[in-house]
Amino acid sequence: MSSPEEQANLGRALDFLRRWDRGDGPVRVRLLRSFLNRNARKTFYELEVDLAQTASLLLARITVWMRVSFTAEGFLALQLKALGIFLSASNHDQYLMEFLQGGGVVILLDVLSSSQVQNDDKTEALRLLLNISDAGRKYKEFICEHNGVEILSDCMVGSDGGDAAGALLESLSHGNPKYQDQIYRSLIGLLTRVRPRAQLLLLQTLRSVQLKLGPAHDGIVAPLLNTLRSLHLDVQDEACNLIRDLMGDGVRVKLLSGLVALLKPVEEETREPEVTGSLAVFVQQAAAATAIRSLAEEDEEISRELLSLGVVPNLLYALGNQEHGEAQIQASLALEHFVRSDPSVGAHVRRVMGSQLFAAFTHSKADTLHMKMDKRQAEVLLSNHLHIDPGRCKQRAWREKRILFWSQKMSRLRLTSIKGKKLLSEAEETKTSTRKRRKTAVEGEEAPKASPSSYHSFCDPAEVVQLRRKLLSWYDREKRELPWRTLAVTEADVNIRTYAVWVSEVMLQQTQVATVTDYYNRWMKRWPTVQHLAAATLQEVNQMWAGLGYYSRGKRLHEGAQKVVSELKGQMPHTVDDLLKELPGVGRYTAAAVASIALGQVAGVVDGNVTRVLCRLRAIGADSTSPAANQALWGLANVLVDSERPGDFNQAMMELGARVCTPKGPLCSRCPVRAHCRSHQKVQVQQEQNTKKLLGRTDRSVSEVLDVEDCMRGGTCPLCPLEPWDDSLGVQNFPRKPVKKAPRAERTLTCVVVRPGEQDDHEFLLTQRPNKGLLAGLWEFPSLLLQDGDSDAERRRALCHQISRTLNADVSDGLLRHVGEVVHVFSHIHQTYVVYSARLKRSDARVQAENTQWLTRSALQGAAVSTGLKKILKLYESRAGLEESPKEEKPSKNAERVKTSKKSRAAAAMGRARQLPLNSFFKTLKEESGS
Ligand code: SF4
Ligand code: ZN
């Protein structure tokens, strides 16, 4: 029987469908609008609950309606948005399949091909397709089979949607190898056809596809070199990156020769019409010189190979090109490299330049040489016929050697991206059982074919790029607006920004965002700069921190602020190392987090959330606190962190861990990086295997069993789990936590000492804890640690002795009343407070020692006290009616009412008509997990 809520949902949905079926276009538009209004902000769980009953029917109707009406004005945007809701629901795999079967993907492709559809709608359609493509290989194949690559190529050439189309092409390129080649050729073909922005994207996509594809096509050389004509430096840079990637490929010589040739354009080309003041061919000449210098400086062998290809005479030619200053500068800088790396080259260059120009070249900055050159000298350079004998470089031998080296390097890179199917196939071929592999590895007879690092790390640069892109775009869409994030972006003063992020990071250690936000806002309002905090007292800080737990954090912030003001002239440290060195309590995580978020430094972070995400992404099952795992996690974090947006990337990882990759119930189906997650892949494979077993299909072909890599090190791997995979845990098999030590049990005697106040109230005796250790600096009732075996009489005596010493008065143990016990659990201590109370006359309690104070009930509320004390007070107040009034001298009116009811007795015992409600005082009372 369904719940009333489910029945109501069903009723609503059926009514919706009835109206839909009877309605015309405008009616359906209204229905869709209300559907969007109702569901746009719902969580995935809510959507599932609401949609589960009728989702398929509704999805089919929208799809069919879109097919017949997508060119009609005004409907398509709504239809696409509504589809977006289905395709983003957490069980969207099911919806995706239904959408596919209903022809939805083909319709989206038709939308992209239509000249009647607006660009915004096309972009939305591309986003949906990207979502579909990211859901798995079978979806990618479907898009490719339906002419997707060609349609997307046209989108990239078109006026809009280029970014989304490029992202989708990149996503498709990670599917079936059958289509990779088609995508690769399309991308090459597009290189010379698209606008600069799309060109950049294309080059990035090409780099990623190239790594997976293996040997490059010769056809890539000309279009790639042609992109060096771009006036956009980021396009030129990316082209250089791709050229660099291809240095291990068969096209290496062609590329290097091509670059050298570009330094000396043929005469007809130099008569091209001007492009924004520069001839495109000269822009390309300068870019070629830049690329040559960069390649030669990075690799000595490439440097020599370029020499043998005649780079020096052509650089001299470019240096003489007084038509284009940038070409002269870049040529001069490149030439400087070759002259420095080989003195005999210097001698040749000197002969061509003449001693005067050569002296200027060697004695001043190379990039200003062109300003010292006259026309005659330039002409000499342009007409040089320098020939450097390549034989001296033994170029043939080293060229072959280097090509071999680079080929091997590229093969290694590609190997890391080959799927586990191949690895398994190799393993199956050798008929080596897991046990034998482990034994072999232990005995060191033969190294395993896949190193553990490739399984537990990110070796494929293209994969890293994709993961960053996906995670950051998810973060841009989904991130929570938090006060410290706003400050990190809007605060222009780097000192305040660093301080603000530091405070947030310290507060967030061991404490939830929801709890921290309120504390953070109050803190920053009171102490908006490090100078303000430094001027506060520790007591004020403790007071502000009360209830947040782990009290030493507040104290350290305060100490740090004072140090910054007194020793660092008020300047917050500005690097990871300085943050670590200068600020007390700042460890590796906090330093990297502050430096990346506030200062934009490229440093990865590893906290609890990131640990969980990384362990799952790379199937790290060893104890996550072990040295090997710790080192691996920091290594991964530093490889993954985005160099353009390090702070956002780190926050995105943490956000993912907090909201999607949660400790329990991770939402893998809505995870933006699930395509890169080994745990998720493992779960899918296991499910597939289990289904096959259930169906009695025992023909385990290799391709059916594994589509993911597995760590081939087995029992010898320091990062693999010791325990076997547990199906019931799914991705929660990772990470493995260390066995927690049981908290040690302690018993503490404590006494609520009360005296009549000056007015019609009570005062409580409080003493301050030492400035170090548990609850450092906080106020508490007089307490002492209980020793095992103490009798009740001994306890009372010890407690009375302590109170007497504090007050310098004689407190007899006859005054003590046993109130009860309170348990409070810290992270490492299971504390039981044995609570007594004592009511003193005011005349007996006049003396106040150091670190002691009498506080009224209302003053106590705002004092720096721990949650444990609040619990004790709560117990005391609940029992207060059992005790006598302390107002022997002047019984209060409230005391008269003591006898009337238990509730009013408690209030009367407090003797204060103005007392705040207990609920208000204890509203922050919750289990505190630390000191
Ligand atoms: Fe975590 Fe699942 Fe995402 Fe993997 S797919 S990172 S386990 S949420
Ligand atoms: Zn392993």
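First things first, this report covers the structure right here in the doc.

Calculation notes
The written sequence of each chain sets the order in which its residues are numbered from 1. As a convention, the first chain written is A and the first ligand written is 1, with the rest following in written order. A pLDDT threshold of at least 70 governs which residues receive local features in this predicted model, and a stricter bar of 80 or more applies before side-chain atom pairs are shown or counted, although totals over entire chains, interfaces and linings include all residues. The side-chain quantities take in all heavy atoms of the structure and omit both hydrogens and water. Here a strand is any run of E in DSSP of at least two residues, a helix any run of H or I of at least four, and the numbering for each starts at the N terminus. For every residue, the accessible area (1.4 Å probe, protein chains only) is compared with the maximum for its type, and the residue is labelled buried under 20%, exposed over 50%, or partly exposed between those bounds. Here, residues are in contact when the closest pair of their heavy atoms is within 4.5 Å. Only the protein chains shown count as cover for residues, and the accessible areas themselves come from Shrake-Rupley with a 1.4 Å probe. By convention in these notes, a salt bridge is any Lys or Arg side-chain nitrogen within 4 Å of a carboxyl oxygen on Asp or Glu. Being near a molecule or strand, for a residue, comes down to having at least one heavy atom within 4 Å of it. Note on residue classes: Ala, Val, Leu, Ile, Met, Phe, Trp, Tyr, Cys and Pro are nonpolar, Asp, Glu, Lys and Arg are charged, and everything else, Gly too, is polar. For every element, the axis is a line fit to its C-alpha atoms; helices are fit only across the contacting stretch, and the angle between N-to-C directions ranges from 0 to 180 degrees. We call two directions roughly parallel when the angle between them is under 35 degrees, roughly antiparallel when it is over 145, roughly perpendicular when it lies between 65 and 115, and oblique otherwise. Note on ring pairs: Phe, Tyr and Trp rings are taken, using the six-membered ring of Trp, and paired if centres are within 6.5 Å. Classes follow the plane angle, with under 30 degrees stacked, over 60 edge-to-face and the rest tilted. As a reminder, the over-ring test applies to NZ of lysine and CZ of arginine, requiring each to be within 6 Å of the ring centre and within 35 degrees of the ring normal.

### Thoughts on the overall build of the chain
- Within the chain one finds 47 helices and seven strands.
- Considering the chain as a whole, with its 931 residues, one finds that 53% of them fall into the buried category.
- Of all intrachain contacts in the chain linking residues separated by at least 6 positions in sequence, the fraction that spans at least 24 positions is 72%.
- Carbon and sulfur atoms make up 51% of the accessible area of the chain, which totals about 43600 Å².

### What to know about the pattern of salt bridges
- The final tally for this structure, using the stated rule, is 32 salt bridges.
- Linking Arg18 and Asp15 is a salt bridge whose minimum nitrogen-to-oxygen distance equals 3.7 Å. Remark: Asp15 and Arg18 occur in helix 1 (residues 4–22); sequence separation between them is three residues, near one turn of the helix.
- Overall, Arg18 belongs to the partly exposed group, its relative accessible area being 42%.
- Several salt bridges converge on common partners, so that one network encompasses Arg480, Arg485, Glu655 and Arg659.

### Remarks on the site of ligand 1
- Around ligand 1, the neighbouring residues are Arg616, Leu617, Cys661, Cys668, Cys671, Arg674, Cys677, His680 and Val731.
- Considering only residue class, the shell around ligand 1 consists of six nonpolar, one polar and two charged.

### Describing unusual backbone geometry
- Residue Pro735 follows Phe734 across a cis peptide bond; omega there is -10°.
- Relative to the helices and strands, Pro735 resides in the loop between helix 41 (702–705) and strand 1 (744–756).
- A positive phi angle, near 55°, is found at Lys569, a position not held by glycine.
- Considering the arrangement of structural elements, one finds Lys569 in the loop between helix 34 (552–567) and helix 35 (576–582).
- On the basis of relative accessible area, Lys569 is assigned to the exposed category, the value being 76%.
- The phi torsion at Ala619 lies on the positive side, around 50°, for a residue other than glycine.
- Considering the arrangement of structural elements, one finds Ala619 in the loop between helix 37 (608–617) and helix 38 (627–640).

### Considerations on the environment of Lys841
- Note that Lys841 resides in the loop between strand 6 (829–839) and strand 7 (852–856).
- When its relative accessible area of 39% is taken as the criterion, Lys841 is described as partly exposed.
- On a C-alpha basis, the gap between Lys841 and Pro756 in space is 6.8 Å, while along the polypeptide they are 85 residues apart.

### Comments concerning the packing of helix 20 (residues 325–341) against helix 21 (residues 343–353)
- Remark: helix 20 packs on helix 21, axes separated minimally by 5 Å, with the N-to-C direction vectors making an angle of 125°. Of the possible angle classes, the one that applies to helix 20 and helix 21 is oblique. From helix 20, Leu335, Phe338, Val339 and Ser341 reach across to helix 21, where they touch Pro343, Val345, Gly346, Val349 and Met353.
- Residues belonging to the contact of helix 20 with helix 21 are distributed by class as follows: seven nonpolar, two polar and no charged.

### Remarks on the packing of aromatic side chains
- As enumerated under the stated definition, the model contains twelve aromatic pairs in all.
- Ring centres of Trp523 and Trp545 lie 5.7 Å apart, and the angle between their planes is 80°; on these two criteria the pair is classed as edge-to-face. In this pair, Trp523 sits in helix 31 (residues 513–526) while Trp545 sits in helix 33 (residues 538–545), placing the two residues 22 residues apart along the sequence.
- Take Trp523: its relative accessible area is 0%, and that puts it in the buried class.
- Residue Trp545 is classed as buried on the basis of its relative accessible area of 0%.
- An aromatic cluster is built from Phe16, Trp20, Phe35, Trp65 and Phe75, whose rings are joined through pairwise contacts.
- The aromatic ring of Trp634 is capped on one face by Arg588, whose charged end is 4.0 Å from the ring centroid.
- The ring of Phe458 has Arg618 sitting right over it, with the charged end atom 3.7 Å from the ring centre.

### Structural notes on the side chain of Ser303
- Relative to the helices and strands, Ser303 resides in helix 18 (residues 300–308).
- Among the residues examined, Ser303 registers a relative accessible area of 5% and is labelled buried.
- Apart from residues lying up to four places away in sequence, Ser303 is in contact with Ala296, His337, Phe338 and Ser341.

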